[in-house]
Amino acid sequence: MPAPSAELERNLRHFSEQSLVGVYVLRNDGTVLHANDKMAAMLGYQRGAELVGMPVASLTAPEDLSLLQENMQSRLQGDAGTVQYSYRILRRDGTRHWVEVHGSVCPHEGGTALVETALDVNKQVQSEWQSRMADRVFESTSEGILITDAEFRILAVNPAFTRITGYRPEEAMDKRSRMMTGPGAQAEINRGMLERLARDGHWQGEMKDRRKDGSWYPAWLSISAIRDNRGGISNYVGVFTDNTIRKEAETKLAFLADHDSLTGLRNRSSLMRIFAQQIEAAQAAGETLALFFVDLDRFKTVNDTLGHHAGDQLLVAAAERLREQLRPDDVLARFGGDEFVVVLGGSPPQAMIAAIAQRLINSILQPFTINGHEMFISASIGSAAYPEHGEDAITLLKNADIAMYHAKDRGKNAFQLFNKEMSNHALEQMLLENSLRHAIERKEFELYYQPQFSAQDGAICGAEALIRWRHPTRGLVTPGMFITLAEQTGLIVPLGAWVLREACRQGKAWLDRGYQFGRIAVNLSPRQFSSDDLLATIDNALDQSGLPSAMLELEITEGAIMQNPQEAVVLLQRMRELGVTISVDDFGTGYSSLASLKQYPLDTLKIDRSFVKGIPADADDVAITEAIVAIAHKLHLKVVAEGVESQEQHDFLRAAGCDMVQGYLHSQPLTASEIEQHWYLGGAQAET
Ligand SMILES: Nc1nc2c(ncn2[C@@H]2O[C@@H]3COP(=O)(O)O[C@H]4[C@@H](O)[C@H](n5cnc6c(=O)[nH]c(N)nc65)O[C@@H]4COP(=O)(O)O[C@H]3[C@H]2O)c(=O)[nH]1
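Residues numbered from 1 in each chain as written. Predicted model: local features only at pLDDT ≥ 70, side-chain atom pairs only at ≥ 80, totals over all residues.

(A) Focus on the overall build of the protein. Assigned secondary structure in the protein consists of 26 helices and 26 strands. Burial status across the protein gives 34% buried among its 688 residues. Taking contacts inside the protein between residues at least 6 apart in sequence as the whole, the part at least 24 apart equals 57%. (Helix = DSSP H or I, 4+ residues; strand = E, 2+ residues; numbered from the N terminus. Buried ≥ 20, exposed ≤ 12 C-beta atoms within 10 Å, placed from the backbone. Contact = placed C-beta atoms within 7 Å.)

This is the structure we're talking about:
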C-alpha cells in the first residue's frame, strides 16, 4: 500500500483535531503516539499533545486495564481487525468516565500502531445503571408502589402492591386508584390533598384502603407529583405501607399502660386518673358516686398453698365474675394484689349500692375450679360515697379501705358502708400495717436525699438517704408515720435492706456519671442493728452495686448502741472491716457518756436537731453543742449538725468548729434527679 501523501496526512490530522469523538493512536508498547484535543478533553487535559508519550495504562481505570490490554494484544497479533468495547478511562482528577471504543490497527514505522476512536458514553451508562437500580428497587421493595396518570389511573404497580392489596397488576391497570381517590381517601381529598400536590408536589398521610378480599386496612401513603416539560402534572407516584401492625402495636401499648396485664382490668394509675375525672364531672353535674374497695378473703392462703400460678388463675376468674355483675360503663380496676375497685356513677341510690355490693359478694362465693381443684373464697367490700365521705380520690379510697377493713373485722364476706366514726387511730395503724406489708413488693418506696455541706467552705460532702412511701391512697408518706410501725412489726429488716441496695445503686450510678458527691449516708434502725444478717446485707448491697465501701456511711442512733453496748463494739468493728464509715445519729439524746465513745470505732457524730434548734439563744444547747464538737475533735471524729434552719445557727456552728451542716437552710431532702440538678447548678457549694 503506497504511503499517504503529505497533504492527505495533514488533512487526516486536521480531521482528527476537528473530530467530535476522541481519537488516539498507541504504539505497540502502549504509549500514546498521537491524541486529538477531544480525547484530551475527555481525559481532563487541555491539548492532545500533552498526552503524547504517556503510557495508556496511566489513562485507564485500573479495574479495566486487563480488558484494554487483551483488546490491544488480539489486534497486534492479527487475531482481530477492528474491535469494539467499552471501558473506563481514568481522568486527570482521578474520576472515571465510560467510553465506547472502536479500535483498529495501522502501519507505523515498519510495525503496527493501534488506532482508537472513543465515544463519551458516560451519561448513557450511568442512566442505564440508574434505571436498572430503580427497576430493582421497584421490584424488590417492601413498600407498595403505584404509578398513575394525572387522573389517578394506574399505569404500573410493583409486586409489593399485589402482596398488600391482593390485586394483580393486570387487575389494577387502567383503574382509578381507590387508595388515592376512593371513599377512604375522601376526607383527605377534602382536607386539601389535591391542592397540596399541586402546590408542593408532595403529600403524605394515612388512607383507609380496601384489599381485594374486601377487608379495610390503614395505608400510610406518600404521593409525589411528576411534572411534564411544560410544568403540568403528568403522573403521580404513590408509595405506601400497610400500617395495621404498627397501629395494633400502638393500641396494644396504650392498653398495656392503662391495664393490668393479668386480668386486663384497668390498673391503679389509670383508675386514679379516671376516678379524678369522674369526681370532676359529678361535681359539675351535681351527681353522686359510689366507690367499692373489694378485697378477696383467704386469697393469700390459696396463693401460698397452691402456688402463684393457681393464684393468678383465681384472680383472673374472680375479675371476670366481678365484671359480669357490672354495667359496661361502671369502672372496675385491679388496685393491686387481690384488691379491686369499682366506681358506680350517675347518683346510685343507697339501696342499689347495697344490692350491687351483695351481687359482687355472691358472685365470688360460688366455687372456683382451678387446675381441677374446687376452691371457695369470699370477698369483703367497703364503700364510700362522693361527696358525702370525701371530695377527692385519695380520701374516698382511704375511707372505702377503712370500711372494707370493718367488713373483714365483722367476719369477712360482708359489705360495709363507711361512716365517720370509723376513722380512729388504732384502725388507721392497722390499715397502715396492712398496706406496709405489700408496699415493698409493690415498689411504693422512694429515696430522697438531703445534701450535707462543709460548714467551713460550703463544699458538698455527702447526702443522707431518707425514705419516702408513695402510698396509693395517702400520697407521699414521711418516715415519721411508718418507721416505728415497721420497727414494731419487723418489716424494717426487709425495708432497710431495700434502702441499702437502692442507695448503693444510686450512688454508683452517680459515680459512673462523674458526680463528686462525697458519701451517701443510710440510716440503720435499732432493730436492723440487732438483726443477724446485717453484715451480709451491707456486704451484698455493696457487692451488687459496685459502690466503693468507703463511700457508704451508716447512721446508727445512739439509742441503738446503748441498747447493748458490748455487742455494739464487736458489730461496729466488723462493719468497719467492710470498709464503710459509721456515724452516730441523734447524738446527745441517748445518755451515753462522751467518755465511753472512745471504745467504739466511729467516724462521725451527728448533733441532734433538738440542740441545734436552741442555738444560739438557749445557753444549755449552746454549751452541749460546743462540748460535743470539742470532745469529738479530741477523739478525731467529725461533727455534723442536723436540722440547721437559720443563718444564725449556721454561723454559730461554723464558729464552734462544727465540720458539716445539714438542714432546710441549705436544702430540703430532694429526689435523686433534683439533687443532681442542685449539684450541677450549685457547683457543689452551699450558698452560705
Ligand atoms: N425540722 C427540720 N427537719 C429537718 C431539717 N433538715 C432535715 N430535716 C429532717 O430531719 C430528718 C433527718 O433524718 P434523721 O434524723 O436520720 O431521722 C430520720 C430517720 O431516723 C428515719 N428514717 C428516714 N429514712 C430512713 C431509712 O431509710 N431507714 C431508717 N431506719 N430510718 C429512716 O426517719 C427520720 C425522719 O426522717 P425525715 O422525715 O426524712 O426527716 C429527716 C429530714 O427531712 C431541718 O432543717 N429542720
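(B) Just the sheet that holds strand β16 (residues 378-386), in detail. One open sheet holds the five strands; their spatial order is β12-β13-β11-β16-β17, and the pairing between them is mixed. At either end of the open sheet lies a strand with only one pairing partner, and these are β12 (331-336) and β17 (415-417). Across the sheet, the axes of successive neighbouring strands diverge by a mean angle of 20°, strand direction being ignored. Here helix α11 (residues 268-285) sits on the sheet and contacts β11 (289-297), β12, β13 (339-344) and β16; the angle it forms with β12, its principal contact strand, is near 135°. Packed on one face of the sheet, helix α15 (residues 393-409) meets β11, β16 and β17 and runs near 145° to β16. (Pairing = 2+ DSSP bridges. Axes fitted to C-alpha atoms, helices over the stretch in contact; angles between N-to-C directions.)

(C) Here's a closer look at helix α10 (residues 244-258). Taking 1.5 Å of rise per residue, the 15 residues of α10 would be expected to cover 21 Å, and the 21 Å separating its terminal C-alpha atoms lies within 8% of that figure. Within α10, only zero of the 15 residues are buried, which leaves it mostly out in the open. (Expected span 1.5 Å × (residues − 1).)

(D) Region of the structure containing the site of the ligand. Not every one of the 23 residues close to the ligand is listed here, only the nearest: Pro479, Asn523, Ser525, Gly663 and Tyr664. Mapped onto the shell around the ligand, the elements with two or more residues apiece are β19 (460-471), α18 (492-512) and β23 (581-587). The leading source of residues in the shell around the ligand is β19, at three residues. Looking at the shell around the ligand residue by residue, the class counts come to nine nonpolar, eight polar and six charged. (Near = placed C-beta within 6 Å. Nonpolar A, V, L, I, M, F, W, Y, C, P; charged D, E, K, R; others polar.)

(E) How the structure looks around helix α3 (residues 65-76). Here α3 is twelve residues long and its end C-alpha atoms lie 16 Å apart, about the 16 Å a rise of 1.5 Å per residue gives. Taken from the residues just after α3, glycine 78 is the one with a positive phi, measuring 80°.

(F) A look at the nonpolar core. Judged by nonpolar contacts, the single largest core of 69 residues is most densely connected at Val522, Leu552, Val639 and Ala641. With 48 residues, the next largest nonpolar core counts Phe335, Phe340, Ile361 and Ala384 among its residues. (Core = buried A, V, L, I, M, F, W, Y, C linked by C-beta atoms within 7 Å.)

(G) Geometry of the pairing of strand β22 (residues 552-557). Of all six residues in β22, six are buried; the element is thus mostly enclosed. Residue alternation in β22 divides its side chains into two sets, Leu552, Leu554 and Ile556 and Glu553, Glu555 and Thr557, and both sets are buried. Summarising the sheet, strand β21 (residues 519-524) and β22 pair through five bridges and their orientation is parallel. If you follow leucine 524 over to β22, its bridge partner there is isoleucine 556.

(H) How the structure looks around the sheet that holds strand β7 (residues 154-157). The strand order β7-β6-β10-β9-β8 describes an open sheet built from five strands, whose pairing is antiparallel. Of all strands in the sheet, those bounded by a partner on one side alone are β7 and β8 (202-210). For this sheet, the mean inter-axis angle between neighbouring strands, taken without regard to orientation, is 25°.

(I) Up close: the packing of α18 against helix α20 (residues 534-545). Taken N-terminus to C-terminus, the directions of α18 and α20 make an angle of 30°; their axes are 9 Å apart at the nearest point. Compared by their axis directions, α18 and α20 come out roughly parallel. With respect to the hand of their crossing, α18 and α20 are arranged in right-handed fashion. Between α18 and α20, the contacting residues are Ala497, Leu500, Arg501, Cys504, Arg505 and Lys508 on the first element and Thr537, Ile538, Ala541, Leu542, Gln544 and Ser545 on the second. (Parallel < 35°, antiparallel > 145°, perpendicular 65-115°, else oblique. Left-handed = near helix turned anticlockwise from the far one by under 90°.)

(J) Structural view of the packing of helix α13 (residues 308-324) against helix α14 (residues 350-365). Direction vectors running N to C along α13 and α14 enclose 145°, while the axes themselves pass 9 Å from each other. In this structure, α13 meets α14 at a crossing whose hand is right-handed. Counted together, Ala318, Arg321, Leu322 and Glu324 of α13 and Leu360, Ser363 and Ile364 of α14 form the full contact between these two elements. Looking at side-chain class alone, the contact of α13 with α14 contains four nonpolar, one polar and two charged residues.

(K) Region of interest: the environment of alanine 281. Inspection of the secondary structure puts alanine 281 in helix α11. On the neighbour-count criterion, alanine 281 (12 C-beta atoms within 10 Å) is exposed. Separated by 64 residues in sequence, alanine 281 and glycine 345 have C-alpha atoms that sit 9.8 Å apart.

(L) Local environment of the environment of valine 101. When you line up the elements, valine 101 lands in strand β4 (residues 96-108). Between the alpha carbons of valine 101 and tyrosine 85 there is a distance of 5.4 Å; along the sequence they are 16 residues apart. Leave out the neighbours within four places in its chain, and valine 101 touches Gln84, Tyr85, Tyr87, Glu116, Thr117 and Ala118.

(M) Spatial organisation of the pairing of β19. Examined bridge by bridge, strand β18 (residues 445-454) and β19 share nine bridges and lie antiparallel to one another. Its bridge partner lying in β19, phenylalanine 445 is registered against tryptophan 469. Between β18 and β19, which pair antiparallel one after the other, the connecting turn spans five residues, and glycine 458 there sits at a positive phi close to 80°. Here β19 runs beside β21; their pairing, made up of four bridges, is parallel. For alanine 465, the partnering residue across the bridge sits in β21 and is valine 522. From the end of β19 to the start of strand β20 (residues 475-477), which pair antiparallel, there are three residues.

(N) Seen up close, the environment of serine 19. Tracing the sequence through the fold places serine 19 in the loop between α1 (6-18) and β1 (22-26). The exposure class assigned to serine 19 is partly exposed, which follows from the 14 C-beta atoms found within 10 Å. It is 7.1 Å that separates the C-alpha atoms of serine 19 and lysine 38, two residues lying 19 residues apart in sequence. When residues no more than four places from it in sequence are discounted, the contact partners of serine 19 are Asn36 and Lys38.

(O) Examining the confidence of the model for the protein more closely. Mean pLDDT over the protein stands at 89; residues scoring 70 or higher make up 95%. For this predicted complex, the interface confidence comes out at an ipTM of 0.95, alongside a pTM of 0.53. (pLDDT = per-residue confidence, 0-100.)

(P) Layout of unusual backbone geometry. Omega for the bond connecting tyrosine 386 with proline 387 falls within 30 degrees of zero, at 0°, which places this linkage in the cis form. In this fold, proline 387 is placed in the loop between β16 and α15. Across the junction of isoleucine 615 and proline 616, the peptide omega takes the value 5°, indicating a cis bond. Residue position: proline 616 is located in the loop between α23 (609-614) and α24 (619-634).

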